[in-house]
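Structure assessment
One-letter residues, chain by chain:
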Amino acid sequence: QVHVVESGGGLVQPGGSLRLSCAASGRTFSSYAMGWYRQAPGKQRELVATITSGGNTNYADSVKGRFTISRDNAKNTVYLQMNSLKPEDTAVYYCNAHIVVPVAVRDYWGQGTQVTVSS
């Protein structure tokens, strides 16, 4: 079992910045692919950004150039730096640990952290 815990959400004005953190348990964190997803009220959960074990990143078009995902394997932590925030970025942000084992693929999710962009 892998535990995933997000932190860093809050209320920010349009144009502002926030950094989300996600800590995941396990001795092989460096092998996990990690991702950030978000879900706004009345909408489906959507991908925001992912980072592979090798450090390759992928972003949703809506956040390219504004958000940056990174990881610190020594701290078992992945980050999402969010700049130039817009009201449409308001959502609950979830962290995902995607783990491939020899006979299965497992996904673990955190409880989510609320991000509200409003003046």
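Note: the structure precedes this text.
Sheet strands pair by backbone hydrogen bonding; their relative direction is either parallel or antiparallel. The strand order across the open sheet formed by four strands is E1-E3-E8-E7, and the pairing between neighbours is antiparallel. On the outer flanks of this sheet lie strand E1 (4–7) and strand E7 (67–72), each paired with one strand and no other. Adjacent strand axes in the sheet meet at a mean angle of 15° when their direction is disregarded. With six bridges joining them, strand E3 (residues 18–24) and strand E8 (residues 77–82) adopt antiparallel strand pairing.

This next bit is on the side chain of Arg 71. Relative to the elements of secondary structure, Arg 71 occurs in strand E7. Here the side chain of Arg 71 touches Phe 29 through a polar contact of 2.9 Å, landing on its backbone oxygen. Here Thr 52 takes part through its backbone oxygen, which lies 3.0 Å from a polar atom of the side chain of Arg 71.

For the rest of this paragraph, the subject is the packing of aromatic side chains. Under the definition given, this model contains two aromatic pairs. Relative to Tyr 32, the ring of Phe 29 lies with its centre 5.6 Å away and its plane at 70°, an arrangement referred to as edge-to-face. Considered together, Phe 29 and Tyr 32 belong to a single accessibility category, that of buried residues. For the pair Tyr 37 and Trp 109, a centre-to-centre distance of 5.0 Å together with 65° between the ring planes defines the contact as edge-to-face. Here the residue Tyr 37 occupies a position in strand E4 (residues 33–39), and Trp 109 occupies one in strand E10 (residues 104–109), the gap between them amounting to 72 residues. Of the residues examined, Trp 109 reaches a relative accessible area of 37% and is grouped as partly exposed. In this arrangement the basic side chain of Arg 45 is found over the ring face of Tyr 94, its NZ or CZ atom lying 3.8 Å from the centre.

About the criteria used
- The residue numbering used here restarts from 1 in each chain and proceeds along that chain's sequence as written.
- The predicted nature of this model means local features are confined to residues of pLDDT at least 70 and side-chain atom pairs, given and counted, to a pLDDT of 80 or more, with totals for whole chains, interfaces and linings taken over all residues.
- Only hydrogens and water are set aside; all other atoms, that is, all heavy atoms of the structure, feed into the side-chain values.
- Two strands make a pair as long as DSSP finds a minimum of two bridges between them.
- Secondary structure counts use DSSP, requiring at least four H or I residues in a row for a helix and at least two E residues in a row for a strand, with both numbered from the N terminus.
- Between N-to-C directions, angles cover 0 to 180 degrees, with each direction set by a line fitted to C-alpha atoms, over the stretch in contact for helices.
- What qualifies as a polar contact is a pair of N or O atoms within 3.5 Å, subject to a donor-acceptor requirement within protein and to the restriction that residues adjacent in sequence count only when both atoms come from side chains.
- A pair of aromatic rings is counted whenever rings of Phe, Tyr or Trp (Trp by its six-membered ring) have centres within 6.5 Å, and the orientation is called stacked for planes under 30 degrees apart, edge-to-face for over 60 and tilted otherwise.
- The buried label applies to any residue whose accessible area, calculated with a 1.4 Å probe on protein chains only, is under 20% of its type's maximum; exposed applies above 50%, and partly exposed to all values in between.
- The criterion for a charge sitting over a ring is simple: Lys NZ or Arg CZ within 6 Å of the ring centre, and within 35 degrees of the ring normal.

Distances and angles like these do not, on their own, reveal function.
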